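Architecture at a glance
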Amino acid sequence: MKKFSKITAVVIAVALSMVSPEIMVDAAAPSWPDSVKTAPDSIEITSGDIYRTDVKSVLINGLDYNGKKTQFFAFWAMPDVEPGEKVPGIVLMHGSGGTAYRDWVRKWVKRGYAAIAPYWVESEDDKSKCDIKGIPESYVWNMGPRRNGTFKDWEAPIADQWMYHAVADTMLAHSFLASQEGVDADKIGICGVSWGGIITSYTIGVDDRFSFAIPIYGTGFLKESKAKISKDLVEDGLNMWDPSTVLNNAKMPTLFINSNNDTYFSLNLQARAYGAVEGSRLSIKNGLTHGHDAAFALEEAYSFADSIVKGGTEFTRFTDNKLEFKDDDIIACATYESASPLTSAKLWYTTDSEGLKYTNYTYNGTWQSKEIELGTTGVIRVQLPDDTKGYYIEATDSLDRVNATPYVELETAVNDINVSKPSIVSVTDDAEGTATIPLSGVVRAKSLISNGGAKPLCATIVLAIYDVEGKMAAITTKPYSIAQTLEQICVADIDVDKLSETAQSKIAQGGSVKAFVLDSIKTLKPLCAFEILSK
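Residues numbered from 1 in each chain as written. Predicted model: local features only at pLDDT ≥ 70, side-chain atom pairs only at ≥ 80, totals over all residues. Heavy atoms only, no water.

A separate point is the overall build of the protein chain. Within the protein chain, the regular secondary structure consists of nine helices and 26 strands. Relative to its full complement of 535 residues, the protein chain shows a buried share of 56%. Taking as baseline every contact in the protein chain between residues at least 6 positions apart, the subset at least 24 positions apart corresponds to 71%. On the protein chain, roughly 22,000 Å² of surface is accessible, and the fraction owed to carbon and sulfur atoms is 46%. (Helix = DSSP H or I, 4+ residues; strand = E, 2+ residues; numbered from the N terminus. Buried < 20%, exposed > 50% of the residue type's maximum accessible area, 1.4 Å probe, protein only. Contact = heavy atoms within 4.5 Å. Areas by Shrake-Rupley, 256 points an atom, 1.4 Å probe, with all protein chains shown as cover.)

Shown next as structure tokens:
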């Protein structure tokens, strides 16, 4: 691997195993009326071309838009139930270019769920654009605001913005389903595809009634995407509506699903969202295409729902994800718990210089794979090949469900910082230079953080010594957190006396020390000033 690959990798590993991503907070955070959590008025459609006996069509009253009443269209159905019997339910959110899908409802009903699929219109107010895929124009003209790019309507009053109504309609769809006889209101989940995944990821951060969630492709942290979703982002709209603003509020079991080459949502987004939702699961499908049909065919989605509300076998859960050093090798190490025995494991990695390689928002990188021999200890271990820039571990269980660790990108995660003098030197994150390392005693790095009384912050201080050839001779990492204090100091050190004679000899010829702080819940960049003390 390249000169600084090892130190970068260990920082990321520590960060991912310890902290959750920072979320953006807007002072004028939206709120919804209590009415979205009560059974809404609705009108069932009982005639016309759209009418079917097995899947019902309904118009549900939404919130006012520009002072006028709105309705939204939905398909819904439920299995046959005996008197007194209750079945779980699910809200199904389609993606951009799609509609409410009757067949998606049928798939879930066949598996024993009551299901509702609301329809959100994304075109402008031109009514001729609203009549798509069999839903008559007369049923959708008064649905409220249309989606304009990615939150481009941010200057409108909050209650008149598209995302406000999309989330409200999602809540109302839950309330409608929960009010139906034979539906267990305590066992209703949500699944969203692409833009529906964005809506899903936001809604679970503001509505705790959902018992599980399955965002497919789409999620939060959109600004960080290397793929197409970032083409028309609007900063002010993101500050209000990106799911990262609320995802850490989500407490229900959540399964994030994506492809390793998705053209709209790059894998780093799922890694961030996975870290934001405590106890979440992740499934990364090699070569999964982006589309509704592909999403509807994902057995992991149905099995995950069953594991939460129908007594099905629990999904594999990765409890730790870190890197270890052995001589010159870097070992990826993932600890897991699984109710279903794992049958295979695989390392997926890329040696592309950019890590996740996108050109014009389209993935054109190369993934390579390496089979991993499974042990019996609940730990998956695999040596990373030379020149690995990013990786994740895939594990398949006896029910043929694909589980994964979050994607970790090594080279671009942090900036190394050189120290300009050998003792008690304050530097900032743009300092450059080298430091002479003493042959005895302790090399110590002291980090000084000031967060101005902001919300709790977690990070990691890293100290490393390189020999004259630029090879790492020693490394230490130390996590710390700040909770509502103005400043706090964390110290990390390396005892040079305990290094090997070979390492000490090479350091004596002219070594260097590097120290930096990883703000692992924000930008993965050095966080603040630090001091190097060589004693």
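With that out of the way, let us pick up the pairing of strand β8 (residues 255-259). When you tally the buried positions in β8, you get five out of five residues, the bulk of the element. Burial along β8 is two-sided: Leu255, Ile257 and Ser259 facing one way and Phe256 and Asn258 facing the other are all buried. Taken together, β8, helix α6 (residues 267-276) and strand β9 (residues 281-285) constitute a β-α-β crossover, and its handedness is right-handed. (Right-handed = clockwise from strand over helix to strand, strands pointing away.)

So, about the pattern of salt bridges. Inspection of every chain in the model, using the stated rule, returns twelve salt bridges. As a salt-bridge pair, Asp207 and Arg209 come within 2.8 Å of each other at their nearest N and O atoms. The shortest N-O distance in the salt bridge between Arg317 and Glu337 comes to 3.9 Å. Here the residue Arg317 occupies a position in strand β10 (residues 317-326), and Glu337 occupies one in strand β11 (residues 329-337), the gap between them amounting to 20 residues. Arg317 sits in the partly exposed class, given a relative accessible area of 28%. (Salt bridge = Lys/Arg side-chain N within 4 Å of Asp/Glu carboxyl O.)

It is worth spelling out the packing of helix α2 (residues 102-110) against helix α8 (residues 299-309) at this point. Where α2 contacts α8, the two axes come as close as 11 Å, and the packing angle between them is 45°. Comparing the axis directions of α2 and α8 gives the class oblique. In the crossing of α2 with α8, the sense of the turn from one axis to the other is right-handed. Only Ala301, Tyr302 and Ala305 of α8 make contact with α2, whose side of the interface consists of Trp104, Lys107 and Trp108. (Axes fitted to C-alpha atoms, helices over the stretch in contact; angles between N-to-C directions. Parallel < 35°, antiparallel > 145°, perpendicular 65-115°, else oblique. Left-handed = near helix turned anticlockwise from the far one by under 90°.)

Attention now goes to the side chain of Thr396. Tracing the backbone shows Thr396 in strand β17 (residues 390-397). Apart from residues lying up to four places away in sequence, Thr396 is in contact with Leu342, Thr343, Ser344, Arg401 and Val402.

Among the nonpolar cores identified, the biggest contains 125 residues, and Trp32, Trp108 and Ile214 are the most heavily contacted of them. With eleven residues, the single largest contributor to this core is helix α3 (residues 162-178). Look past the residues within four positions of Trp32 in its chain and what remains in contact with it is Leu63, Tyr164, Val167, Ala168, Met171, Tyr202, Val206 and Trp241. Grouped together as the second largest cluster of nonpolar side chains are nine residues, Ala474, Ile494, Ala503 and Val513 included. (Core = buried A, V, L, I, M, F, W, Y, C linked by side-chain atoms within 4.5 Å.)

Moving on: the packing of aromatic side chains. Counted by the stated rule, this structure contains 19 aromatic pairs. Ring centres of Trp162 and Trp195 lie 5.5 Å apart, and the angle between their planes is 85°; on these two criteria the pair is classed as edge-to-face. Of this pair, Trp162 sits in helix α3 while Trp195 is found in helix α4 (residues 195-203), placing the two residues 33 residues apart along the sequence. Look at Tyr358 and Tyr363: their rings are 5.1 Å apart centre to centre, the planes differ by 75°, and that puts the pair in the edge-to-face class. Each member of the pair, Tyr358 as well as Tyr363, is classed as buried. Site record: aromatic cluster; members linked through ring pairs are Tyr358, Tyr363, Trp367, Tyr392 and Tyr407. (Phe/Tyr/Trp six-rings, centres within 6.5 Å; stacked < 30°, edge-to-face > 60°.)

Here the focus is the packing of α3 against α4. Geometry of a packed helix pair, given as the angle between the helix axes and the separation of the axes. Two elements in contact, α3 and α4, have axes whose closest approach is 10 Å; the angle formed by their N-to-C orientations is 75°. Between α3 and α4, the angle is such that the two are roughly perpendicular. Within the contact between the two elements, α3 uses Trp162, Met163, Ala166, Val167, Thr170 and Met171 and α4 uses Trp195, Ile198, Ile199, Tyr202 and Thr203.

Attention now goes to the pairing of strand β7 (residues 213-216). Looking along a regular strand, one sees side chains alternate from face to face of the sheet. Residues Ala213 and Pro215 line one face of β7 and the alternating positions Ile214 and Ile216 line the opposite face, and both faces are buried. As defined by bridge partners, strand β6 (residues 183-193) adjoins β7 across four bridges and the pair is classed as parallel. Residue pairing across strands places Val193 opposite Ile216, the latter belonging to β7. (Pairing = 2+ DSSP bridges.)

Along the polypeptide, Ile90 turns up in strand β4 (residues 87-93). For Ile90, a relative accessible area of 0% translates into the label buried. Measuring from C-alpha to C-alpha, the distance between Ile90 and Ala115 comes to 4.9 Å, with 25 residues separating the pair along the chain. Not counting residues up to four positions away in its chain, the partners in contact with Ile90 are Trp108, Tyr113, Ala114, Ala115, Ile116, Leu177, Ile188, Gly189, Ile190, Cys191 and Phe212.

Mapped onto the elements of the fold, Asp49 is located in the loop between β1 (42-45) and β2 (56-61). C-alpha of Asp49 to C-alpha of Ile135: the two residues are 86 residues apart in sequence and 9.1 Å apart in space.

With eight of its eleven residues buried, α8 lies for the most part within the structure. A positive backbone phi angle near 75° is found at Gly311, which sits one or two residues after α8.

A word on the confidence of the model for the protein chain. On average, residues of the protein chain score 79 in pLDDT, and 74% of them are at 70 or above. Scored below 50 in pLDDT, residues 449-457 makes 34 contacts in the model with residues more than four places away or belonging to other chains. The low-confidence segment residues 519-530 (pLDDT under 50) makes 55 contacts with residues lying over four places distant or belonging to another chain. (pLDDT = per-residue confidence, 0-100.)

A separate point is unusual backbone geometry. Even without being a glycine, Asp387 presents a positive backbone phi close to 70°. Residue classification places Asp387 among the partly exposed residues on the basis of a relative accessible area of 36%.

A separate point is the environment of Tyr363. Locating Tyr363 in the fold gives a position in strand β14 (residues 362-363). Owing to a relative accessible area of 12%, Tyr363 belongs among the buried residues under this scheme. Sequence-wise, Tyr363 and Asp262 are 101 residues apart; in three dimensions their C-alpha atoms are separated by 6.9 Å. One polar contact links Tyr363 to Trp367, side chain to side chain, over a distance of 3.0 Å. (Polar contact = N/O pair within 3.5 Å; in protein donor to acceptor, adjacent residues only side chain to side chain.)

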